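Structural overview
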Amino acid sequence: MAKKTTKPAIKEPQVNIEEAISRSETFFQNNKNTIFTVFSAIIVLIVGIMLYKSKVVAPRENRVAEYLFQGENYFINGEFELALEGDAYDFLGFIEIADNYSNTNAGNLAKAYAGISFAKLDSFDIAIKYLSKFKGKDQMVAPSVLGALADCYASTNQPIKAAETFKKAAKVANNNLLSPYFLFQAGLVYESMEKTKKAIDMFNRIKNEYPSSLQAADIEKYLIRLSNR
């Protein structure tokens, strides 16, 4: 009798977990435009400030910074091919800026722009190439680029790299806005791989380290579901 009464209690969470796995596996495809739009907005805002400062502090980078400013208009308007390849006028394109001026701040930032532009065009392998070359320590731009890179790994069936990169993004961000979001995504990826203990660890970190975050509001239901798995 004891076995019969416990079967329904076990079976229901299993159904929920299967739904969660399916949801996490398709998460990127259903939300990639929103994700990259958010990351892009953060990068455009912070990069604009950084480039303004670089023009004042480092005049030698003026020319490259001007190229990058020109490309931002194409980027913001969703003209990603032009943003990447350049136009018939003065704009070189993010690819050339990233490849030929990589030793400048603007060239480094062009890698982020190029990577996200390729991702928006569903060219994820090339996006990974550029995003992984970006170097930065800013608590908003750097983790946003890492988050975009993690999404690219997820979209190219590299879940382990995706989860690890989401965790790295959370660590670099170290704030209540981005860190819990990245930890939650890492948890979903681990759940999709049936790595239950690691998924629980990610969700517990949200609960304990970022209790006032948006993700923490309903994290308990994820923990309960996984604990019954």
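Look up: the structure comes first, before these words.
Here the structure is a predicted model, which means the values were calculated and not measured. (Residues numbered from 1 in each chain as written. Predicted model: local features only at pLDDT ≥ 70, side-chain atom pairs only at ≥ 80, totals over all residues. Heavy atoms only, no water.)

**Some points on the overall build of the chain**
Going by this rule: Here a strand is any run of E in DSSP of at least two residues, a helix any run of H or I of at least four, and the numbering for each starts at the N terminus. Calculation of accessible area relied on Shrake-Rupley with a 1.4 Å probe; when residues are assessed, cover is drawn exclusively from the protein chains displayed.
Counting its secondary structure elements, the chain contains 12 helices and 0 strands. For the chain, the α and β elements follow one another from N to C terminus as α-α-α-α-α-α-α-α-α-α-α-α. About 12,100 Å² of surface is accessible on the chain, with carbon and sulfur atoms providing 53% of the total.

**Brief notes about helix 8 (residues 141-155)**
Residues spaced three or four apart along an α-helix face the same direction, because each turn holds 3.6 residues. Short version of the rule: By definition here, a helix of n residues has an expected span of 1.5 Å times n minus one. Exposure classes here rest on a 1.4 Å probe applied to the protein chains alone. A residue is buried below 20% of its type maximum, exposed above 50%, and partly exposed in between.
Given a rise of 1.5 Å per residue, 15 residues ought to cover 21 Å, and the 21 Å separating the end C-alpha atoms of helix 8 matches this to within 8%. For helix 8, the tally of buried residues reaches 13 of 15 residues, placing the bulk of the element in the interior. Count one or two residues on from helix 8 and you reach Asn-157, which has phi positive near 60°.

**Brief notes about the packing of helix 6 (residues 105-120) against helix 7 (residues 124-131)**
We count it as follows: Helix axes are fitted only over the stretch in contact, all axes being lines through C-alpha atoms; the angle between N-to-C directions runs from 0 to 180 degrees. Working rule for angles: under 35 degrees goes down as roughly parallel, over 145 as roughly antiparallel, 65 to 115 as roughly perpendicular, anything else as oblique. The crossing is said to be left-handed when, going from far helix to near helix, the turn is anticlockwise and less than a right angle, and right-handed when the turn is clockwise. Any two residues having at least one pair of non-hydrogen atoms within 4.5 Å are treated as being in contact. Here the term charged refers only to Asp, Glu, Lys and Arg, the term nonpolar to Ala, Val, Leu, Ile, Met, Phe, Trp, Tyr, Cys and Pro, and the term polar to all other amino acids, Gly among them.
At a minimum axis separation of 8 Å, helix 6 and helix 7 run at an interaxial angle of 165°. The angle between the axes of helix 6 and helix 7 places the two elements in the roughly antiparallel class. Pair helix 6 / helix 7 crosses with left-handed handedness. Only Phe-124, Ile-126, Ala-127, Tyr-130 and Leu-131 of helix 7 make contact with helix 6, whose side of the interface consists of Lys-111, Ala-112, Ala-114, Gly-115, Ile-116, Phe-118 and Ala-119. Class assignment of the residues belonging to the contact of helix 6 with helix 7 gives a composition of 10 nonpolar, 1 polar and 1 charged.

**Here we look at the environment of Asn-105**
With respect to the helices and strands, the residue Asn-105 is situated in helix 6. Sequence-wise, Asn-105 and Gly-136 are 31 residues apart; in three dimensions their C-alpha atoms are separated by 9.7 Å.

**What about the side chain of Asn-108?**
Tracing the backbone through its elements, the reader meets Asn-108 in helix 6. A relative accessible area of 13% places Asn-108 in the buried class. Sequence-distant contacts of Asn-108, defined by excluding residues within four places in its chain, comprise Tyr-101, Ser-102, Lys-133, Phe-134 and Lys-135.

**What to know about the packing of helix 11 (residues 196-209) against helix 12 (residues 219-227)**
In the contact formed by helix 11 and helix 12, the axes pass within 10 Å of each other and the chain directions differ by 155°. Here helix 11 lies roughly antiparallel to helix 12, going by the angle between them. Both helix 11 and helix 12 take part in a crossing whose hand is left-handed. Across the interface between the two elements, Thr-196, Ala-199, Ile-200, Phe-203, Asn-204, Ile-206 and Lys-207 from helix 11 touch Ile-219, Glu-220, Tyr-222, Leu-223, Leu-226 and Ser-227 from helix 12. Tallied by class, residues from the contact of helix 11 with helix 12 come to 8 nonpolar, 3 polar and 2 charged.

**Let's talk about the side chain of Ser-179**
Formally: Polar contacts, as used here, are pairs of N or O atoms within 3.5 Å; protein pairs need one atom able to donate a hydrogen and one able to accept it. Residues neighboring in sequence count only if both atoms are side-chain atoms.
Looking at the secondary structure, you find Ser-179 in helix 10 (residues 179-192). Ser-179 gets classed as buried once you look at its relative accessible area, which sits at 0%. Among the polar contacts listed, one links the side chain of Ser-179 to the backbone nitrogen of Asn-175, at a separation of 3.1 Å. In this structure Ser-179 touches Ala-170, Ala-173, Asn-174 and Tyr-210, once residues within four positions along its chain are discounted.

Structural measurements only, silent on function.
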